[in-house]
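Report on the structure
If you want the building blocks of each chain, they are given just below.
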Amino acid sequence: MATIYTWTIPQMDRLTSDGFVVTAHYRVNATDGTHSAATYGTVSFTQQPGDTLIPYNQLTEAIVVGWVQESLGKDTVEASLQGQIDAQANPVQESGVPW
């Protein structure tokens, strides 16, 4: 079964002067229907002269997820989560005793 990745933005920090988003908190959940993995983190942004700002009240989660994916490398994050799911499905180490 294919792994499904769900990207969300549960929190953002912004400047009160102009609404510029300085930090986006992200969460990525991955599941193949049996196994799951997740990651949570933050991405910081720096305002550059000449940047065109989207007004804060016009931002959507999809826009900010796109910024985060571009900053982190969407494929890199999803490959890491897939590696965790693969390790759950095919463990290379177990604990216990034979008696």
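The residue numbering used here restarts from 1 in each chain and proceeds along that chain's sequence as written. Selection of residues for local features in this predicted model requires a pLDDT of at least 70, selection of side-chain atom pairs for listing and counting requires 80 or more, and totals for whole chains, interfaces and linings are taken over all residues. To obtain the side-chain values, all non-hydrogen atoms of the structure were used and water was disregarded.

**Overview of the pattern of salt bridges**
Selection rule: Salt bridge, as applied in this entry: a Lys or Arg side-chain nitrogen positioned within 4 Å of an Asp or Glu carboxyl oxygen. Only runs of H or I of at least four residues qualify as helices and only runs of E of at least two qualify as strands under DSSP, and these elements are numbered from the N terminus. Accessibility here uses a 1.4 Å probe with only protein chains present; expressed as a share of the type maximum, an area under 20% marks a residue as buried, one over 50% as exposed, and anything in between as partly exposed.
The final tally for this structure, using the stated rule, is one salt bridge. Glu78 serves as the salt-bridge partner of Lys74, at 3.3 Å between the closest nitrogen and oxygen. Of the two residues, Lys74 and Glu78 are both situated in helix H2 (residues 74–89); the distance of four residues between them amounts to about one turn of the helix. Residue classification places Glu78 among the buried positions, given a relative accessible area of 12%.

**Observations concerning the nonpolar core**
For clarity, the cut-off: In these notes, a set of buried Ala, Val, Leu, Ile, Met, Phe, Trp, Tyr and Cys residues joined through side-chain atoms within 4.5 Å is what counts as a nonpolar core. For this analysis, residues touch if any pair of their heavy atoms sits within 4.5 Å.
Trp7, Ile9, Met12, Tyr26, Val28, Val68 and Leu81 are the most contacted members of the largest nonpolar core, which has 17 residues in total. Put simply, the parts of the chain that give this core at least two residues each are strand E1 (4–14), strand E2 (21–31), strand E3 (36–44), helix H1 (61–72) and H2. In terms of residues, this core owes the most to one element, E2, which gives five residues. In contact with Tyr26, not counting residues within four places along its chain, are Thr8, Ile9, Pro10, Thr39, Tyr40, Gly41, Thr42, Val43, Val68 and Leu72.

**Here's the deal with the environment of Thr3**
Looking at where Thr3 falls in the secondary structure, it is placed in the segment before E1. Using a relative accessible area of 16% as the deciding quantity, one classes Thr3 as buried. The contact partners of Thr3, leaving out residues within four places of it in the chain, are Ala30, Thr31, Asp32, Gln82 and Ile85.

**Quick notes on the environment of Tyr26**
With respect to the secondary-structure elements, Tyr26 resides in strand E2. When the C-alpha positions of Tyr26 and Val43 are compared, they lie 7.8 Å apart, and in sequence the two are 17 residues distant.

**Observations regarding the environment of Thr6**
By secondary structure assignment, the location of Thr6 is in strand E1. Its relative accessible area of 39% is what places Thr6 among the partly exposed residues. Between the C-alpha atom of Thr6 and that of Val28, which follows or precedes it by 22 residues, the distance is 5.5 Å.

**So, the packing of aromatic side chains**
Operational definition: Here the aromatic set is Phe, Tyr and Trp, taking the six-membered ring for Trp, and pairing holds for ring centres within 6.5 Å; pairs whose planes are under 30 degrees apart are stacked, those over 60 apart are edge-to-face, and all others are tilted.
Enumeration according to the criterion identifies two aromatic pairs in this entry. A centroid spacing of 5.7 Å and a plane angle of 70° characterise the contact between Phe45 and Trp67, whose relative ring orientation is edge-to-face. Note that Phe45 is positioned in the loop between E3 and H1 and Trp67 in helix H1, a separation of 22 residues in sequence.

On their own, these measurements won't tell you what the molecule is for.
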